[in-house]
Amino acid sequence: MTDTTISTISILGCGWLGLPLAKKLLEKGYLVKGSTTTTEKLGVLAESGVQPFLINLQPSVAEVHQSELYKFLQADILIIDIPPRTLIHGDEFHVQQIRSLAESISIPLPQIIYISSTSVYPDNNQVATEETEVIESNAMVQAEHLLRNISPATTILRCGGLMGYGRIPGKYVAGKTITTGNVPVNFIYRDDVVEVICEVIKQKKWGVTYNVVAPLHPVRRLVYDQNVKDLGFLPPVYDDSTLPAHKIISNEKLGQDLKYTFQFPDPVAFPYGS
């Protein structure tokens, strides 16, 4: 059921996760605005029922897109789902994107959901909760701080490795020699992320941080071997001479607060398709 106090939701970044989320929110009766960085995608959004906007943070908002951004930000909830792409642009680029966005957000502030990552936690062979110390130099940590400064009610969702559909773990290691076969995974299926976001909105969980990962953490070789069996990828070669530093992400807080039941709790059993 739609929250009658919320009518419009803007999703900055209607891509692999954002577009399915937009469709789910439309089903629930919300008016959804969605942004893309390419003109080709505008038609895809419109055909899905999403009000399309062309917004490209490079890292600032181009002057030609300023009016579009202003209209886009007229919403009850703003969901920010843009990848930092630090390997391409460096750590500071994403921080500047969020800073530029923050400067464009006017009063009254919308409720904000920021899609962050469990990469904010160091790999030091620990179980990481939302209270675990993070890597302060991480671009997403800095973005989290910026958003919380402008709106303490910002909810941060630190997602594990996003999987499902075309994102298949075994595809990325096919035929390669890897040392991470015995490292536990922190994966999450796309459908569960969409549902968790919907629950945050429905239950009005604002100003909180949640780790969003599947409850089970099998070692990587179990996931990869299942992908090989089901989908015919070349198997990786396992080098078990060392065990790399790693972490296990706890989703206990999310489970307790949202009372959410995961559709896909076991990464070994994640289904894959188009």
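Provided above is the structure to which this section pertains.
Being a predicted model, the structure only gives us computed values, none of them experimental.

**Examining unusual backbone geometry**
In step 1: Non-glycine residue Asn125 carries a positive phi angle of around 60°.
In step 2: Along the chain, Asn125 falls in the loop between strand 5 (111-117) and strand 6 (126-128).
In step 3: One non-glycine residue, Tyr165, adopts positive backbone phi at about 55°.
In step 4: Topologically, Tyr165 is positioned in the loop between strand 8 (161-163) and helix 7 (169-173).

**Overview of the sheet that holds strand 1 (residues 8-12)**
In step 1: Sheet architecture is open: 7 strands sit in the order 3-2-1-4-5-7-11, paired in parallel fashion. Where the open sheet ends on each side, the last strands, each with one partner, are strand 3 (51-54) and strand 11 (209-212). Taken pair by pair, the neighbouring strands of this sheet meet at an average axis angle of 20°, ignoring direction.
In step 2: Direction of pairing for strand 1 relative to strand 4 (residues 77-80): parallel, over a ladder of 4 bridges. If you follow Ile11 over to strand 4, its bridge partner there is Ile79.
In step 3: Of the strands in this sheet, strand 1, strand 4 and strand 5 touch helix 5 (residues 91-104), which is tilted by about 170° from strand 4.
In step 4: Helix-sheet contacts for helix 6 (residues 139-150) involve strand 4, strand 5, strand 7 (155-159) and strand 11, and the interaxial angle to strand 5 is about 170°.

Cut-offs used in this document
- Residues numbered from 1 in each chain as written.
- Predicted model: local features only at pLDDT ≥ 70, side-chain atom pairs only at ≥ 80, totals over all residues.
- Heavy atoms only, no water.
- Helix = DSSP H or I, 4+ residues; strand = E, 2+ residues; numbered from the N terminus.
- Pairing = 2+ DSSP bridges.
- Axes fitted to C-alpha atoms, helices over the stretch in contact; angles between N-to-C directions.
- Contact = heavy atoms within 4.5 Å.

Read these as layout, nothing more, since geometry by itself doesn't imply function.
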